2 protein chains.
Amino acid sequence: MVSTPARPQRSDARRNQQSLLDAAGAVFVRAGIDAPVREIAREAGVGTGTIYRHFPTRADLVVAVFQHQVDSLAAVGDDVALRDWILRFADFLVTKHGLADAMASDRVGFERLHAGFVVRLEPICARLLGVEVSAGRMRDDVRPLELMRAVGNLCIGAEGDDEYDARRMIEVLLRGLTA
Amino acid sequence: MVSTPARPQRSDARRNQQSLLDAAGAVFVRAGIDAPVREIAREAGVGTGTIYRHFPTRADLVVAVFQHQVDSLAAVGDDVALRDWILRFADFLVTKHGLADAMASDRVGFERLHAGFVVRLEPICARLLGVEVSAGRMRDDVRPLELMRAVGNLCIGAEGDDEYDARRMIEVLLRGLTA
DNA sequence: ACCATAAGCGGAACGCTGTTCCGTTTTCAA
DNA sequence: TTGAAAACGGAACAGCGTTCCGCTTATGGT
């Protein structure tokens, strides 16, 4: 469905896009996922308008920044079982300075992030869950998407709150799924 | 710690405070918990400044609006067991047009809502959980606050999303807590 | 090497938010 | 009735994501 464009992207555009991805990655680590777009633009040495020439929405930039790590997580699905994979998924969400929080914050941003992350990972989760169900180790009445949503939700607000351990709650949830 | 004020509240102040509580309740139902303060003020027929004379923060107004229902929920703890009480707690969060979402949205607002709701309900949850643990029906390694946080998180984004059933995930979580 | 053209850029401007500030109005007790 | 204190209304502020548009810059044809 993607037609080859008449002309390729201009060189400065390509350079700026990469700068933005690098800058956003750095700023997200330093100031959290909810850092203002102006700060990302400044870090990249571009104007704010340039962000929106490359990414339709702030959420799309977030998705692009973590694309590689999401791909890695998808690949890990070939080597580990459901439990370990879920815990890695949780680690990813928690350690990225409020990624889970950002997903839950506003309705419209959620759609973008959901499309970028969960939809990508859902097949992997489905396969791993299928393995457990087939082996009789887990119940068959929970869909992979539900599971991922639940795990994602449990990760919210977990960073920097020593009263709440998301990992432990996820383990409890997984225990509740055993057949 | 609350000293009796030299003079009681002025009559118009008392009236406006009640108007604000009523208006906020109506607006929250109509437009969700994240409705703008200006809309609440307009509905109440007051200026925006008046809101802040009565409630230090938007989140405090939210807490005040739902205070009665939180009290009811606390009272219900005398009549039902943990499982039912948790499900009622979840119903409360889900049906209030994104209360759970609002709690997770921003860090500072969360503190207020947490103080207003969770701290109030924590003793009830603790007692009910204690009953289950003493009866040997549940594990003793989960603290009531963790449980409430987890349940609250599972409720996020549940309203109007037919792909995700928070109640079911909460039941799975509870199943994971059985001894 | 030049130049026309279109792609890309920067940042001011817009619309929205919660919150603060302050001149005006209202209440209440003396 | 009146003066002082309390409360009010809404303009103003700061910060957000996003849009817009005049200017700059890269690029393919000459």
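Conventions used here
Residues numbered from 1 in each chain as written. Chains lettered and ligands numbered in written order. Predicted model: local features only at pLDDT ≥ 70, side-chain atom pairs only at ≥ 80, totals over all residues. Heavy atoms only, no water. Near = heavy atom within 4 Å. Helix = DSSP H or I, 4+ residues; strand = E, 2+ residues; numbered from the N terminus. Nonpolar A, V, L, I, M, F, W, Y, C, P; charged D, E, K, R; others polar. Least-squares fit on C-alpha atoms with pLDDT ≥ 70 in both. Contact = heavy atoms within 4.5 Å. Buried < 20%, exposed > 50% of the residue type's maximum accessible area, 1.4 Å probe, protein only. Salt bridge = Lys/Arg side-chain N within 4 Å of Asp/Glu carboxyl O. Polar contact = N/O pair within 3.5 Å; in protein donor to acceptor, adjacent residues only side chain to side chain. Domains from an automatic or database assignment.

J.: With reference to specific residues and values, describe the protein's contact with DNA strand C.
T.: Contacts to DNA strand C come from 27 residues, most closely from R10, N16, G49 and T50 of chain A together with Y52 of chain B. Sugar and phosphate atoms form 58% of the subset of DNA strand C atoms that lie within 4 Å of the protein. Elements represented by at least two residues in the surface near DNA strand C include exactly α1 (11-31) and α3 (48-54) of chain A together with α1 (11-31), α2 (37-44) and α3 (48-54) of chain B. At five residues, α3 of chain A tops the list of elements feeding residues into the surface near DNA strand C. For the surface near DNA strand C, a count of residues per class yields six nonpolar, eleven polar and ten charged.

J.: Explain the relation of the copies chain B and chain A residue by residue, including any values.
T.: Comparison of the two chain copies shows a relationship of rotation about an axis with a shift along it. Note on the identical chains: chain B maps onto chain A by a rotation of 180° and an axial translation of 0.0 Å, with an RMSD of 0.1 Å. Taken together, the rotation and translation describe the operation of a two-fold axis. The position closest to the rotation axis in chain B is occupied by the C-alpha of G176 of chain B, lying 1.8 Å away. The residues that chain B uses at the interface reappear at the interface of chain A in 100% of cases, marking a shared surface.

J.: Run through the side chain of D60 of chain B, naming residues and quoting values.
T.: Residue and element names in this part refer to chain B. Residue placement: D60 occurs in helix α4 (residues 58-65). A residue is classified by how much of its surface remains accessible, and D60, at 19% relative accessible area, is buried. Setting aside residues up to four positions removed in sequence, D60 forms contacts with F55 and R112.

J.: Tell me about the interface of chain B and chain A, and name the residues and values.
T.: With 29 residues of chain B in contact, the opposing surface of chain A contributes 29 residues. Seen at the junction of chain B and chain A, the total is six salt bridges. With a shortest N-O distance of 2.6 Å, D161 of chain B and R149 of chain A are connected by a salt bridge. Between the two partners, chain B and chain A, sit 15 residue pairs in polar contact (both at pLDDT 80 or more). Secondary structure elements with two or more residues in the side of chain B that touches chain A: α7 (99-105), α9 (144-154) and α10 (166-176) of chain B. The element that contributes the greatest number of residues to the side of chain B that touches chain A is α10 of chain B, accounting for six residues. Here the residues of the side of chain B that touches chain A sort into eleven nonpolar, five polar and 13 charged.

J.: So, the pattern of salt bridges: which residues are in play, and what are the values?
T.: The tally for this structure, following the rule as stated, stands at 28 salt bridges over all chains. The salt bridge partner of D12 of chain A is R10 of chain A, with a shortest N-O separation of 2.9 Å. R10 of chain A gets classed as exposed once you look at its relative accessible area, which sits at 61%. The closest approach of N and O atoms between D71 of chain B and R120 of chain B, which form a salt bridge, is 2.9 Å. Placement of the pair is D71 of chain B in helix α5 (residues 67-76) and R120 of chain B in helix α8 (residues 107-134), with a sequence separation of 49 residues. Judged by its relative accessible area of 31%, D71 of chain B is partly exposed. Judged by relative accessible area, which is 33%, R120 of chain B ranks as partly exposed. Counted as one network, the salt bridges with shared partners bring together R143 and E146 of chain A together with E163 and R168 of chain B.

J.: How would you sum up the domain arrangement of chain A? Please name residues and give values.
T.: All names here are of chain A. Splitting chain A by domain gives domain 1 (11-57) and domain 2 (66-177). Relative placement of domain 1 and domain 2: their C-alpha centres are 27 Å apart. Facing the six residues of domain 1 at the interface are seven residues of domain 2. At the boundary of domain 1 and domain 2, one finds zero salt bridges. There are zero residue pairs in polar contact (both at pLDDT 80 or more) connecting domain 1 and domain 2. Classifying every residue of the side of domain 1 that touches domain 2 by side-chain character gives four nonpolar, two polar and no charged.

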